[in-house]
Amino acid sequence: MVRKTKENAELTRQNIIHAAREVFLKRGVSRSTMEHIAAQAGVTRGAVYWHFKNKTELFHAMREQVLLPLIDRMDGALLVAGSEDPLTCIENFLLGTIQSLEESLETRQIYEIMMIKCEYVEEFETVLQQILVNCSGILQKIQLAYERARIKGQLHEALEPAQLAQDTNLFFVGLLHMWVKDIQGQQFRQQAIQLIHFHMQLRRTH
């Protein structure tokens, strides 16, 4: 009985997160209320507050649905210490992120909410700070991969791993923003794979 109750509670929680994603996508985060989300989920406002104390906490839970798989994929791709080709590890991580956007409607919608439908002001200023912290973590792992690439002689001598990592980070964040905004798929969604290949090719000694 206890197990069934926990399963039902988790189903309700996931239903609320799903409803929040739909509401945020339609109304924008700032214009969405817990009442809107409760109505979309088909539950009482009290049920929403039972699982999430405020809209910020609910936003975090939605964001984790794409962030946690991203971190897992990043660790799998970038932290391959014995890899003979660290630059390909970086490239595969970037390509894998684009692939997840192409294959998952849920992932596309959450990225669209984070990049287009949310104003990071007032209570969401803390969310923005957390995003910067996460970016810093990704940057460090990319830099480690570039350092391994330098040891293996894959980089041009004048290129510094720290600068390359920052360049790749800024390139990819910009590409993601433009990919998400290219709703019709006429520009950046068509070119993303090619742009990533070219970005990484510029770093190689051969």
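As the structure is a computational prediction, the values presented were derived from the model and not from experiment.

Turning next to the overall build of the chain. Tallying secondary structure elements over the chain gives nine helices and zero strands in all. Along the three orthogonal principal directions, the C-alpha set of the chain runs to about 60 × 40 × 30 Å. The buried share among the 206 residues of the chain stands at 41%. Once local pairs closer than 6 in sequence are excluded, the contacts in the chain between residues at least 24 apart make up 70%. Of the roughly 11,600 Å² of accessible surface on the chain, 54% is carried by carbon and sulfur atoms. Charged side chains in the chain number 23 positive and 24 negative. The centres of these two groups are separated by 5 Å.

This model, assessed by the stated rule, comprises two aromatic pairs. Between the aromatic rings of Phe24 and Phe59, the centroid separation amounts to 6.2 Å while the plane-to-plane angle is 50 degrees, which identifies the pairing as tilted. One end of the pair, Phe24, is in helix α1 (residues 2–27); the other, Phe59, is in helix α4 (residues 55–78), and 35 residues separate them in sequence. In terms of burial, Phe24 and Phe59 fall into one category: buried. For the pair Phe59 and Phe124, a centre-to-centre distance of 5.2 Å together with 90 degrees between the ring planes defines the contact as edge-to-face. Taken together, the residues span a long stretch of sequence, with Phe59 in helix α4 and Phe124 in the loop between α6 (105–115) and α7 (125–151) at a distance of 65 residues. In terms of burial, Phe59 and Phe124 fall into one category: buried. Just above the ring of Trp179 sits the side chain of Arg189; from NZ or CZ to the centre is 4.0 Å.

Here we come to the domain arrangement of the chain. Segmentation of the chain into domains returns domain 1 (1–52) and domain 2 (54–201). Computed over C-alpha atoms only, the centres of domain 1 and domain 2 are separated by 28 Å. Contact with domain 1, which involves 16 residues of that partner, is made by 17 residues of domain 2. Buried surface at the junction of domain 1 and domain 2, summed over both partners, amounts to about 1,500 Å²; 68% is from carbon and sulfur atoms. If you sort the residues of domain 1 by the area they bury against domain 2, Arg21, Leu25 and Val29 come out on top, with a joint share of 44%. Linking domain 1 with domain 2 are one salt bridge.

With that out of the way, let us pick up helix α8 (residues 161–181). Taking 1.5 Å of rise per residue, the 21 residues of α8 would be expected to cover 30 Å, and the 30 Å separating its terminal C-alpha atoms lies within 8% of that figure. Among all positions in α8, only Pro161, Leu164, Ala165, Thr168, Asn169, Phe172, Leu175, Leu176, Trp179 and Val180 are buried. Within α8, the buried residues cover an arc of 140 degrees as seen down the axis, which keeps them to one side. Those residues of α8 that are exposed and aimed more than 90 degrees away from the buried face are Gln163 and Leu170. Buried residues in α8 make contact with α5 (86–103), α6, α7 and α9 (188–201).

Quick look at the layout of surface pockets now. Size it by volume and the largest pocket reaches roughly 570 Å³. What lines the largest pocket is a set of 25 residues, and nearest its centre among them are Met115, Ile131, Cys135, Val173 and Leu176. If you list the elements that add at least two residues to the lining of the largest pocket, you get α4, α5, α6, α7 and α8. Broken down by class, the residue content of the lining of the largest pocket amounts to 19 nonpolar, five polar and one charged.

Let us now look at the nonpolar core. Ranked by internal contacts, the top residues of the largest apolar core, which has 57 residues, are Ile37, Phe59, Ile90, Tyr111 and Tyr146. Counting only elements with at least two residues in this core, the list comes to α1, α2 (34–41), α4, α5, α6, α7, α8 and α9. For Ile90, the contacting residues outside a window of four places in its chain are Leu78, Ile142, Ala145, Tyr146, Thr168 and Met200.

Thresholds applied
Along each chain, numbering runs from 1 in the same order as the chain's sequence is written. For this predicted model, a pLDDT threshold of at least 70 governs which residues receive local features, and a threshold of 80 or more governs which side-chain atom pairs are given and counted, while totals over whole chains, interfaces and linings are taken from all residues. Derived side-chain values reflect all non-hydrogen atoms in the structure, with water molecules and hydrogen atoms excluded from consideration. Only DSSP runs of H or I covering at least 4 residues are called helices, and only runs of E covering at least 2 are called strands; the numbering of each starts at the N terminus. Burial classification: accessible surface area is computed with a 1.4 Å probe over protein chains only, and a residue below 20% of its type maximum counts as buried, one above 50% as exposed, and the rest as partly exposed. In this description, contact between two residues means that some pair of their heavy atoms is separated by no more than 4.5 Å. All accessible-area figures derive from a Shrake-Rupley calculation using a 1.4 Å probe, and residue coverage is judged against the displayed protein chains alone. Two residue types count as positive, namely Lys and Arg, and two as negative, namely Asp and Glu; His and chain ends fall outside the count. To locate a charge, the coordinates of NZ of Lys, CZ of Arg, CG of Asp or CD of Glu are taken. To pair, rings of Phe, Tyr and Trp, with the six-membered ring standing in for Trp, must have centres within 6.5 Å; the planes then decide the type, stacked if under 30 degrees apart, edge-to-face if over 60, and tilted in the middle. Whether a charge sits over a ring depends on NZ of Lys or CZ of Arg being within 6 Å of the ring centre and within 35 degrees of the ring normal. Per the annotation, domain bounds derive from an automatic or database assignment of domains. Buried area: the sum, over both parts, of the accessible surface (1.4 Å probe) that disappears when the two are put together. The term salt bridge refers to a side-chain nitrogen of Lys or Arg lying within 4 Å of a carboxyl oxygen of Asp or Glu. The length a helix should cover is 1.5 Å for every residue beyond the first. For this quantity, the arc is that covered by the directions from the helix axis to the C-beta atoms. Cavities and pockets are defined on a 1 Å grid built over the protein atoms alone: a cavity is a set of grid points where a 1.4 Å probe fits but cannot escape, while a pocket is an open set with protein on both sides within 12 Å along at least five of seven lines, and lining residues are those with an atom within 4 Å of any such point. Grid points are joined across faces, edges and corners, and a volume is the space filled by probe spheres set on the points. Classification used: nonpolar for Ala, Val, Leu, Ile, Met, Phe, Trp, Tyr, Cys and Pro, charged for Asp, Glu, Lys and Arg, polar for all others including Gly. What makes a nonpolar core is a set of buried Ala, Val, Leu, Ile, Met, Phe, Trp, Tyr and Cys residues whose side-chain atoms join them at distances within 4.5 Å.

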